[in-house]
Amino acid sequence: MAVLGDRDRQAVLQLFADAAQPVEVRVVVPGTPTAAERQGFRAAVQEVVELVPLVSVRELGADEAGGLVERVPGIALMRPDGTDLRVRFAGLPSGYEFSSFLAAVADAAAPESRLQPKTVEALEGLAADVHIKVFSTPT
Amino acid sequence: MALQSPRVTVESVDAAHFGTLAGLYQVRGVPRIVFNRRVHVEGAVPEGVFLDNLLAAASAGG
(Lines give C-alpha, C1' and ligand atoms only; values in the text may rest on other atoms or scores of the structure.)
Protein backbone atom coordinates (compact mmCIF):
# COMPACT_ATOMS: atom_id res chain seq x y z
CA MET A 1 0.00 0.00 0.00
CA ALA A 2 1.42 3.40 -0.99
CA VAL A 3 2.49 5.73 1.77
CA LEU A 4 2.42 8.86 -0.38
CA GLY A 5 -0.91 9.94 -1.84
CA ASP A 6 -1.27 11.34 -5.34
CA ARG A 7 -1.02 14.93 -4.09
CA ASP A 8 2.13 14.06 -2.11
CA ARG A 9 3.68 12.39 -5.13
CA GLN A 10 3.01 15.48 -7.24
CA ALA A 11 4.52 17.66 -4.52
CA VAL A 12 7.64 15.51 -4.47
CA LEU A 13 8.00 15.71 -8.24
CA GLN A 14 7.64 19.48 -8.07
CA LEU A 15 10.12 19.79 -5.21
CA PHE A 16 12.73 17.84 -7.15
CA ALA A 17 11.90 19.27 -10.58
CA ASP A 18 15.31 20.91 -10.95
CA ALA A 19 17.31 18.13 -9.29
CA ALA A 20 20.72 17.84 -10.92
CA GLN A 21 23.05 16.22 -8.38
CA PRO A 22 22.81 12.73 -6.89
CA VAL A 23 22.08 12.38 -3.19
CA GLU A 24 22.45 9.24 -1.16
CA VAL A 25 20.38 9.04 1.99
CA ARG A 26 22.28 6.84 4.43
CA VAL A 27 20.01 5.58 7.16
CA VAL A 28 21.71 4.16 10.21
CA VAL A 29 19.51 2.01 12.38
CA PRO A 30 19.90 0.16 15.66
CA GLY A 31 20.88 -3.48 15.61
CA THR A 32 17.36 -4.73 16.16
CA PRO A 33 15.25 -2.65 13.82
CA THR A 34 11.60 -3.51 14.36
CA ALA A 35 9.97 -0.15 15.06
CA ALA A 36 6.92 0.76 12.98
CA GLU A 37 8.36 4.27 12.87
CA ARG A 38 11.36 2.98 10.97
CA GLN A 39 9.24 0.88 8.63
CA GLY A 40 7.05 3.89 7.84
CA PHE A 41 10.04 6.08 7.12
CA ARG A 42 11.66 3.41 5.00
CA ALA A 43 8.49 3.00 2.95
CA ALA A 44 8.11 6.74 2.41
CA VAL A 45 11.73 7.22 1.39
CA GLN A 46 11.55 4.27 -0.99
CA GLU A 47 8.60 5.90 -2.74
CA VAL A 48 10.60 9.12 -3.10
CA VAL A 49 13.51 7.16 -4.53
CA GLU A 50 11.18 5.63 -7.11
CA LEU A 51 9.99 9.11 -8.12
CA VAL A 52 13.39 10.83 -8.17
CA PRO A 53 16.14 8.78 -9.84
CA LEU A 54 18.89 11.05 -8.48
CA VAL A 55 17.99 10.12 -4.90
CA SER A 56 19.11 6.79 -3.50
CA VAL A 57 18.90 5.24 -0.08
CA ARG A 58 21.28 2.97 1.72
CA GLU A 59 20.56 1.41 5.08
CA LEU A 60 23.35 0.57 7.50
CA GLY A 61 23.44 -1.06 10.87
CA ALA A 62 25.01 0.94 13.65
CA ASP A 63 27.94 -1.48 13.76
CA GLU A 64 28.84 -0.94 10.11
CA ALA A 65 28.20 2.81 9.96
CA GLY A 66 31.67 3.65 11.19
CA GLY A 67 30.63 6.62 13.26
CA LEU A 68 28.80 8.23 10.37
CA VAL A 69 26.15 9.53 12.76
CA GLU A 70 26.36 10.32 16.47
CA ARG A 71 22.91 9.05 17.31
CA VAL A 72 20.84 6.16 16.05
CA PRO A 73 18.51 5.96 14.37
CA GLY A 74 20.13 8.64 12.27
CA ILE A 75 20.53 9.83 8.72
CA ALA A 76 23.45 11.29 6.81
CA LEU A 77 23.14 12.99 3.44
CA MET A 78 26.03 12.07 1.16
CA ARG A 79 26.93 11.93 -2.49
CA PRO A 80 27.07 8.37 -3.83
CA ASP A 81 30.86 8.69 -4.10
CA GLY A 82 31.05 9.14 -0.33
CA THR A 83 31.34 12.93 -0.23
CA ASP A 84 29.87 14.05 3.06
CA LEU A 85 27.30 16.85 2.73
CA ARG A 86 27.51 17.55 6.50
CA VAL A 87 23.78 17.22 7.02
CA ARG A 88 22.52 14.82 9.68
CA PHE A 89 19.21 13.84 11.16
CA ALA A 90 18.96 12.32 14.63
CA GLY A 91 15.82 10.23 14.57
CA LEU A 92 13.68 9.34 11.59
CA PRO A 93 11.64 12.34 10.38
CA SER A 94 7.90 11.90 10.33
CA GLY A 95 4.88 14.08 9.83
CA TYR A 96 5.78 17.67 9.08
CA GLU A 97 9.45 16.96 9.71
CA PHE A 98 9.44 14.52 6.78
CA SER A 99 8.70 17.52 4.56
CA SER A 100 11.68 19.33 6.07
CA PHE A 101 13.79 16.25 5.45
CA LEU A 102 12.71 16.16 1.81
CA ALA A 103 13.48 19.87 1.48
CA ALA A 104 17.02 19.22 2.71
CA VAL A 105 17.46 16.38 0.21
CA ALA A 106 16.08 18.59 -2.56
CA ASP A 107 18.51 21.37 -1.63
CA ALA A 108 21.35 18.86 -1.81
CA ALA A 109 20.15 17.71 -5.24
CA ALA A 110 19.73 21.23 -6.61
CA PRO A 111 22.12 22.37 -9.36
CA GLU A 112 23.25 25.36 -7.30
CA SER A 113 22.80 26.95 -3.90
CA ARG A 114 19.37 28.31 -3.07
CA LEU A 115 20.82 30.74 -0.56
CA GLN A 116 20.88 34.47 -1.11
CA PRO A 117 24.12 35.75 -2.70
CA LYS A 118 25.09 37.71 0.41
CA THR A 119 24.70 34.56 2.50
CA VAL A 120 26.92 32.61 0.13
CA GLU A 121 29.51 35.37 0.33
CA ALA A 122 29.41 35.44 4.12
CA LEU A 123 29.83 31.67 4.32
CA GLU A 124 32.83 31.79 2.00
CA GLY A 125 34.54 34.04 4.51
CA LEU A 126 33.74 31.89 7.53
CA ALA A 127 36.86 31.60 9.69
CA ALA A 128 35.66 29.06 12.24
CA ASP A 129 33.65 25.85 12.27
CA VAL A 130 30.01 26.06 13.23
CA HIS A 131 27.92 23.11 14.27
CA ILE A 132 24.20 23.70 14.23
CA LYS A 133 21.59 21.64 16.03
CA VAL A 134 17.95 22.14 15.08
CA PHE A 135 15.54 20.65 17.61
CA SER A 136 12.05 19.80 16.47
CA THR A 137 9.34 17.31 17.29
CA PRO A 138 7.30 15.16 14.93
CA THR A 139 3.73 16.33 14.37
CA MET B 1 24.23 26.39 4.79
CA ALA B 2 26.07 23.16 5.53
CA LEU B 3 25.78 22.37 1.83
CA GLN B 4 27.47 25.65 0.98
CA SER B 5 30.37 25.67 3.45
CA PRO B 6 32.72 22.90 4.58
CA ARG B 7 32.94 24.78 7.89
CA VAL B 8 29.29 24.20 8.68
CA THR B 9 27.60 21.03 9.85
CA VAL B 10 23.97 20.69 10.79
CA GLU B 11 22.04 18.07 12.71
CA SER B 12 18.26 18.05 12.89
CA VAL B 13 17.28 16.40 16.17
CA ASP B 14 13.98 14.76 17.02
CA ALA B 15 13.57 16.20 20.52
CA ALA B 16 10.88 13.68 21.41
CA HIS B 17 13.13 10.73 20.58
CA PHE B 18 16.26 12.23 22.10
CA GLY B 19 14.76 13.81 25.18
CA THR B 20 17.94 13.74 27.24
CA LEU B 21 19.83 15.61 24.56
CA ALA B 22 16.98 18.08 24.26
CA GLY B 23 17.14 18.63 28.00
CA LEU B 24 20.87 19.32 27.85
CA TYR B 25 20.19 22.02 25.29
CA GLN B 26 17.30 23.40 27.35
CA VAL B 27 14.74 22.82 24.66
CA ARG B 28 11.41 24.16 25.90
CA GLY B 29 9.78 24.89 22.57
CA VAL B 30 10.54 23.94 19.01
CA PRO B 31 12.10 24.65 16.73
CA ARG B 32 15.11 25.62 18.80
CA ILE B 33 18.31 26.22 16.85
CA VAL B 34 21.63 26.07 18.64
CA PHE B 35 24.90 27.23 17.11
CA ASN B 36 28.08 25.80 18.66
CA ARG B 37 26.30 25.37 22.00
CA ARG B 38 26.65 29.12 22.56
CA VAL B 39 24.10 30.92 20.44
CA HIS B 40 20.48 29.90 20.29
CA VAL B 41 17.29 31.08 18.68
CA GLU B 42 13.71 29.91 18.92
CA GLY B 43 11.35 29.65 16.00
CA ALA B 44 11.64 29.39 12.25
CA VAL B 45 13.72 32.47 11.51
CA PRO B 46 14.45 34.11 8.15
CA GLU B 47 17.69 33.32 6.37
CA GLY B 48 19.25 36.63 7.37
CA VAL B 49 18.60 36.07 11.07
CA PHE B 50 19.87 32.52 10.79
CA LEU B 51 23.07 33.77 9.19
CA ASP B 52 23.55 36.47 11.83
CA ASN B 53 23.38 33.87 14.57
CA LEU B 54 25.73 31.55 12.69
CA LEU B 55 28.28 34.33 12.29
CA ALA B 56 27.93 35.27 15.94
CA ALA B 57 28.69 31.70 16.93
CA ALA B 58 31.70 31.61 14.62
CA SER B 59 33.01 34.85 16.11
CA ALA B 60 32.59 33.51 19.62
CA GLY B 61 35.28 30.98 18.91
CA GLY B 62 33.40 27.78 18.32
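This structure is a prediction, so every number in the text was calculated from the model and none was measured.

*Asks:* Would you take a moment to explain the sheet that holds strand S2 (residues 55–61) of chain A for this structure?
*Replies:* Judged by pairing direction, the sheet is mixed, and its 8 strands sit side by side in the order S2(A)-S1(A)-S3(A)-S4(A)-S1(B)-S5(A)-S2(B)-S3(B) without closing on themselves. Each edge of the sheet is formed by a strand with only one pairing partner; in this case those strands are S2 of chain A together with strand S3 (39–42) of chain B. Neighbour-to-neighbour, the strand axes of the sheet open up by a mean angle of 20 degrees, direction not taken into account. Where strand S1 (residues 23–29) of chain A and strand S3 (residues 74–78) of chain A come together, 5 bridges link them in antiparallel fashion.

*Asks:* Sorry if this is basic, but what is going on with helix H3 (residues 96–109) of chain A here?
*Replies:* In this model H3 of chain A runs 20 Å from its N-terminal to its C-terminal C-alpha over 14 residues, within 8% of the 20 Å that 1.5 Å per residue would give. For H3 of chain A, the full list of buried residues reads Glu97, Phe98, Phe101, Leu102, Ala104, Val105, Ala106, Ala108 and Ala109 of chain A.

*Asks:* Sorry if this is basic, but what is going on with empty space enclosed by the protein here?
*Replies:* Inspection of every chain in the model, using the stated rule, returns 1 cavity of 30 Å³ or more. Of the voids in this model, the largest cavity is the one considered here, and its volume is about 90 Å³. Around the largest cavity sit 13 residues that line it, and Pro93, Glu97 and Ser136 of chain A together with Ser12 and Asp14 of chain B are the ones nearest its centre. Looking at the lining of the largest cavity, the elements that each hand over two or more residues are strand S4 (84–90) of chain A together with strand S1 (8–14) of chain B. It is S1 of chain B that provides the largest number of residues to the lining of the largest cavity, a total of 3 residues.

*Asks:* How do you make sense of the layout of surface pockets when you look at a structure like this?
*Replies:* Quantified by volume, the largest pocket comes out at close to 1200 Å³. Every residue lining the largest pocket is counted, 40 residues in all, and those nearest its centre are Ser100, Ala104 and Asp107 of chain A together with Met1 and Phe50 of chain B. Residue assignment for the lining of the largest pocket shows that the elements contributing at least two residues are S4, H3 and strand S5 (130–136) of chain A together with S1 and helix H2 (47–59) of chain B. With 8 residues, the single largest contributor to the lining of the largest pocket is H3 of chain A.

What counts, and where the lines are drawn
- Residues numbered from 1 in each chain as written.
- Chains lettered and ligands numbered in written order.
- Predicted model: local features only at pLDDT ≥ 70, side-chain atom pairs only at ≥ 80, totals over all residues.
- Heavy atoms only, no water.
- Pairing = 2+ DSSP bridges.
- Helix = DSSP H or I, 4+ residues; strand = E, 2+ residues; numbered from the N terminus.
- Axes fitted to C-alpha atoms, helices over the stretch in contact; angles between N-to-C directions.
- Expected span 1.5 Å × (residues − 1).
- Buried < 20%, exposed > 50% of the residue type's maximum accessible area, 1.4 Å probe, protein only.
- 1 Å grid on protein atoms, 1.4 Å probe; cavity = no way out; pocket = protein on both sides within 12 Å on 5 of 7 lines; lining within 4 Å.
- Points joined across faces, edges and corners; volume = space filled by probe spheres on them.

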